[in-house]
Amino acid sequence: MTGPSGARDPGLQPERTRLAWRRTTLACTVAAVLAARTTLHGGPTTIGVVACALCFLAWLGFLALAHRRIRALAGAPPAPLTPRHAVAAAACTLALAAFAAAVVL
Amino acid sequence: MIEFVRNLRLWFVPQAIREEGRTPDYRFSLANERTFLAWLRTALALIGGGFAVDQFLPDLRWAWRVGLALALLAAGVLCSLRAVNHWVRCERAMRRGEDLPVSRFPALLSLAVAVVAVAMVVVVLVGWEG
């Protein structure tokens with residue numbers, strides 16, 4: 001992937017960062033799928049289904065953040081990660097953990 | 001702890017970080033970002049581990065099963081909070097040209113994971129099933 005200026009970073013830093021976002025999205029997907037499995041296992045309850053739906057909402061939020069970040073990385077030079085973006089990504093993970101606790105209980 | 005509260009300001013006032021020092025080489029910022037994402041993955045793996053304990057040890061007594069699962073989920077929460085806090089600290093250190101911050105969190109996390117792992121082995125081997 002080369003930027004508009006044609007300069008290519010020999011360390012492939014933007015590509016590595018892009019793949020790191022992809023890996024993290026994948027990990028998030030696995031966690032969300034496990035949430036669904038836990039909910040469906042042993043008869044879904046109302047609280048379980050609501051918590052599971054919120055888990056998927058957090059997953060969707062992370063997906064959107066990753067997508068936006070990957071697009072920002074395509075620039076030359078790539079735009080830096082903003083603190084707000086980082087906090088939002090961590091908040092999605094946090095929300096996933098909180099709703100996971102609700103699913104498990 | 002006081003340092004943590006001071007960092008909280010940087011979480012929610014993103015402009016504040018740009019007021020200090022000089023913008024580092026974007027490659028350093030991207031490396032910091034990847035470290036942040038690696039910590040988020042660790043947090044997600046701990047969350048996944050919490051689900052796994054709940055799902056794949058069904059014979060365990062309820063209190064043990066939910067206790068271990070909640071311990072792993074709590075570790076995931078701490079890990080994601082720490083991820084963003086450490087990212088902010090590293091970013092600021094790079095801007096100011098200071099040494100990168102040191103942290104005892106990795107040691108504490110590995111100890112916690114080791115304790116949970118030993119507890120799981122003991123619980124499964126000894127068979128304190130309900």
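Residues numbered from 1 in each chain as written. Chains lettered and ligands numbered in written order. Predicted model: local features only at pLDDT ≥ 70, side-chain atom pairs only at ≥ 80, totals over all residues. Heavy atoms only, no water.

### Structural notes on the overall build of chain A
On a plain count of helices and strands, chain A comes out with 3 helices and 0 strands. N-terminal to C-terminal, the α/β element order of chain A is α-α-α. Taken over C-alpha atoms, the radius of gyration comes to 17 Å for chain A, far larger than the 13 Å a tight globule of 105 residues would show. Each of the three principal axes of chain A carries a C-alpha extent, and together these read 55 × 25 × 15 Å. Buried residues in chain A amount to 43% of all 105 residues. Within chain A, contacts between residues separated by at least 24 positions form 71% of all contacts whose residues are at least 6 apart in sequence. Surface summary for chain A: the accessible area is close to 5300 Å², and the carbon and sulfur share equals 70%. (Helix = DSSP H or I, 4+ residues; strand = E, 2+ residues; numbered from the N terminus. Rg over C-alpha atoms; globule rule 2.2 N^0.38 Å. Buried < 20%, exposed > 50% of the residue type's maximum accessible area, 1.4 Å probe, protein only. Contact = heavy atoms within 4.5 Å. Areas by Shrake-Rupley, 256 points an atom, 1.4 Å probe, with all protein chains shown as cover.)

### Here's the deal with the nonpolar core
In terms of nonpolar packing, the biggest core is built from 57 residues, with A:Trp21, A:Phe62, A:Leu96, B:Phe36, B:Leu40, B:Ile47 and B:Phe51 touching the most fellow members. For this core, the secondary structure elements donating two or more residues are α1 (13-40), α2 (46-73) and α3 (83-104) of chain A together with α1 (2-12), α3 (26-56), α4 (62-96) and α5 (105-126) of chain B. Other than its neighbours up to four places away in sequence, B:Phe51 contacts A:Ala31, A:Leu34, A:Ala35, A:Thr38, A:Ala100, A:Val103 and A:Val104. (Core = buried A, V, L, I, M, F, W, Y, C linked by side-chain atoms within 4.5 Å.)

### Considering the UniProt feature "transmembrane region" (unreviewed entry) in chain B
Residues and elements named next belong to chain B. On the UniProt side, "transmembrane region" (unreviewed entry) is annotated at positions that read residues 36-56, 62-84 and 105-128 here. Secondary structure content for residues 36-56 is 100% helix and 0% strand, while the C-alpha to C-alpha distance between its ends is 30 Å. Regarding residues 62-84, the helix share stands at 100% and the strand share at 0%, and the terminal C-alpha atoms are separated by 33 Å. (UniProt positions renumbered as here; feature names shortened; annotations may be inferred.)

### Digging into the confidence of the model for chain B
Per-residue pLDDT for chain B averages 85, and the proportion of residues at 70 or more is 92%. Within chain B, helix α2 (residues 14-18) of chain B has the poorest average pLDDT of any element, 67, and α3(B) the best, 92. (pLDDT = per-residue confidence, 0-100.)

### A few points about the interface of chain B and chain A
Size of an interface, as often reported, equals the accessible area lost when the parts are brought together. Contacts between the two partners involve 35 residues from chain B, matched on the other side by 40 residues from chain A. Here chain B and chain A share an interface that buries about 3500 Å² over both sides, 74% of which is from carbon and sulfur atoms. Where chain B packs against chain A, one counts 1 salt bridge. A salt bridge links A:Arg69 to B:Glu33, with the shortest nitrogen-to-oxygen separation between them at 2.7 Å. The tally of links between chain B and chain A comes to 7 residue pairs in polar contact (both at pLDDT 80 or more). Contributing elements (two or more residues each) for the side of chain B that touches chain A: α1, α2, α3 and α4 of chain B. Considering every element that reaches the side of chain B that touches chain A, the biggest residue donor is α3(B), with 18 residues. Among the residues making up the side of chain B that touches chain A, the classes are represented as 25 nonpolar, 4 polar and 6 charged. (Buried area = accessible area lost by both parts, 1.4 Å probe. Salt bridge = Lys/Arg side-chain N within 4 Å of Asp/Glu carboxyl O. Polar contact = N/O pair within 3.5 Å; in protein donor to acceptor, adjacent residues only side chain to side chain. Nonpolar A, V, L, I, M, F, W, Y, C, P; charged D, E, K, R; others polar.)

### Examining the confidence of the model for chain A
Summarising the model, chain A shows a mean pLDDT of 87, and 92% of its residues fall at 70 or more. Confidence drops under a pLDDT of 50 for residues 1-5 of chain A, and excluding neighbours within four residues, the segment shows 8 contacts in the predicted structure.

### Section: the UniProt feature "domain: DUF202" (unreviewed entry) in chain A
Here, UniProt's "domain: DUF202" (unreviewed entry) annotation points to residues 9-72 of chain A. End C-alpha to end C-alpha, residues 9-72 of chain A measures 16 Å, and it is 86% helix and 0% strand.

### A word on the pattern of salt bridges
Residues and elements named next belong to chain B. Summed over the entire model, instances satisfying the criterion amount to 4 salt bridges over all chains. The salt bridge involving aspartate 54 is made with arginine 65; its shortest N-O contact spans 2.8 Å. Here aspartate 54 is found in helix α3, whereas its partner arginine 65 is found in helix α4, with 11 residues between them in sequence. The pair formed by aspartate 54 and arginine 65 is uniform in burial state, with each residue classed as buried. A salt bridge links glutamate 98 to arginine 96; its shortest N-O distance comes to 3.7 Å. Relative accessible area serves as the criterion here: at 44%, glutamate 98 is assigned to the partly exposed category. Given a relative accessible area of 42%, arginine 96 falls into the partly exposed group.

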